[in-house]
Amino acid sequence: MPSSAQPTATHEFVAGTAFLGRGLKMWITSPRLMLLGALPALIVGILYLVGIVVLLVNVETIAVTISPFANGWDEPWRTGVRVLAGAAAAAAGILLLAYTFVAVTLMIGDPFYERIWRAVETDLGDAPVEAKRGLLRPIADALRLVALAVLAALLLLLCGLVPGLGQLIALVLGAVLGGWILTLELTGFAFDARGFTLTQRRRMLRARQSRSLGFGVLTYLLFLIPGAAVIVMPAAVAGAALLSRDVLEATKPSDQR
C-alpha cells in the first residue's frame, strides 16, 4: 500500500492554531472557570497599559539617548534617524511587554490557570495524579523565559534600526519569537506536572515546531489587539494543555503509545 504523504509545515502550522480555537470554546462550556482566568489577565493588562503610555510619552527622550552618534548630523538626517530610533524603541518596548505578559500573568494567577489546565487534562483522561511543579523551579523557569524575552526585544530593536526593511523584519521576527516564547510559557503546567525540565520541554516542542508555532504565533497576534488578552489568556492556557498532550503523545517512544 502506498505510504500516506507527510503533512507539510503549513498544514502543521494551521493545525497548531486549531488548539487555540478549541481553548476558546471553553468560554461556552465552562464560562465561570474562564472568567476566573480572565481576572489576572485584566489586572496585568491594566498595569502594562500604563507602562506602554509611559513609554510612548518618553519615546523622544529615549530616541535621543540611543542615537548619540547623530548629534552632529545635519537635518533631515538627524531627525530621520531619531524617528527610526524612536519607532524601534517603542516597538521593542511593546514587544517586551507582550513577551513577558504571559509569564507575569501566570505567576499572579497560578491557582486559576492550574484549575483550567486540570479541567482540560481531566476531560482528556489519564491526567497526572499530582502536580510535580513545586515552587522554585517554575519561578526559575519564568525568570529564564523573561531573560529570553529581553534578549529577543534587544535583537528586534537592532533590526528596527536597519534602514529599509528593518522594521518589516522586526515585525515578522517578533511574531515568530513571540509565538515561540508564549508556547514555552503556556505549556509549563502540563510538562512540569509530568516532571519534565524546561530544556526537555523545549526539545519536545521543537520536534513539533510548526504545530507549536502555529499555536504560539496566533496567540501572540491576538494578544496585540487591545483588550483581547483578557479573553484569550484563559483560552490559551486551555489550548496549551491540548497542544502539550499532542506533543507528549507524538514524542513518546513507539512502544509506550
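Residues numbered from 1 in each chain as written. Predicted model: local features only at pLDDT ≥ 70, side-chain atom pairs only at ≥ 80, totals over all residues. Heavy atoms only, no water.

1. Topic: the overall build of the protein
Condition: Segments assigned H or I by DSSP are reported as helices when at least four residues long, segments assigned E as strands when at least two residues long, and all are numbered from the N terminus. When accessible area is computed with a 1.4 Å probe and restricted to protein chains, residues below 20% of their type maximum are described as buried, those above 50% as exposed, and intermediate ones as partly exposed. What makes two residues a contact is simply this: any of their non-hydrogen atoms within 4.5 Å. Working definition of accessibility: Shrake-Rupley area with a 1.4 Å probe, residue cover restricted to the visible protein chains.
When helices and strands are counted, the protein shows 12 helices and zero strands. The order of helices and strands in the protein, counted from the N terminus, is α-α-α-α-α-α-α-α-α-α-α-α. The buried share among the 257 residues of the protein stands at 42%. Restricting to contacts in the protein with at least 6 residues of sequence separation, those with at least 24 account for 77%. On the protein, roughly 13,400 Å² of surface is accessible, and the fraction owed to carbon and sulfur atoms is 70%.

2. Description of the packing of aromatic side chains
The criterion, for reference: Aromatic pairing here means that ring centres of Phe, Tyr or Trp (its six-membered ring) are within 6.5 Å. Orientation follows from the plane angle: under 30 degrees is stacked, over 60 is edge-to-face, and everything else is tilted.
Overall, the coordinates contain five aromatic pairs when judged by the stated rule. Taking the centre distance of 6.0 Å and the plane angle of 75 degrees together, the rings of Y48 and F101 count as edge-to-face. One end of the pair, Y48, is in helix α3 (residues 31–57); the other, F101, is in helix α5 (residues 77–108), and 53 residues separate them in sequence. Each member of the pair, Y48 as well as F101, carries the same accessibility label: buried. Plain terms: the ring middles of F191 and F196 are 6.0 Å apart, the flat faces sit at 65 degrees to each other, and that makes the pair edge-to-face.

3. So, the environment of A153
With respect to the helices, strands and loops of the structure, A153 is situated in helix α7 (residues 136–160). Here the alpha-carbon distance between A153 and A88, two residues 65 residues apart in the chain, equals 10.0 Å.

4. Re the nonpolar core
Just so we agree on the cut-off: Here the nonpolar core consists of buried residues drawn from Ala, Val, Leu, Ile, Met, Phe, Trp, Tyr and Cys, with membership extended through side-chain atoms lying within 4.5 Å.
With 57 residues, the main nonpolar core has F101, L186, M233 and V237 as its most contacted residues. At 14 residues, the largest contribution of residues to this core is made by helix α12 (residues 228–251). With near-sequence residues (within four places) excluded, V237 lies in contact with L106, Y113, I116, W117, L186 and F189.

5. Structural notes on the pattern of salt bridges
Should their charged atoms come close, side chains of opposite charge can pair. The criterion, for reference: Take a side-chain nitrogen of Lys or Arg and a carboxyl oxygen of Asp or Glu: if they are within 4 Å of each other, that pair is a salt bridge.
Going through the model one piece at a time under the given rule, you end up with six salt bridges. Across the pair R194 and E121 runs a salt bridge, and its minimum N-O distance is 3.0 Å. Pair noted here: R194 is in the loop between α9 (188–193) and α10 (198–207) and E121 is in helix α6 (residues 110–124), with a separation of 73 residues, a long-range link. Judged by its relative accessible area of 23%, R194 is partly exposed. The exposure class assigned to E121 is buried, which follows from its relative accessible area of 0%.

6. Observations concerning helix α1 (residues 9–24)
In plain terms, the rule: Multiplying one less than the number of residues by 1.5 Å gives the expected span of a helix. Here the arc refers to the directions that run from the helix axis out to each C-beta atom.
Between the first and last C-alpha of α1 there are 24 Å, a value that for 16 residues agrees with the 22 Å anticipated at 1.5 Å per step. Among the residues of α1, those classed as buried are E12, G16, F19, L20 and G23. Mapping the buried residues of α1 onto a view down its axis gives an arc of 100 degrees, with all of them on the same face. At its buried positions, α1 is contacted by α2 (26–29), α3, α11 (209–223) and α12.

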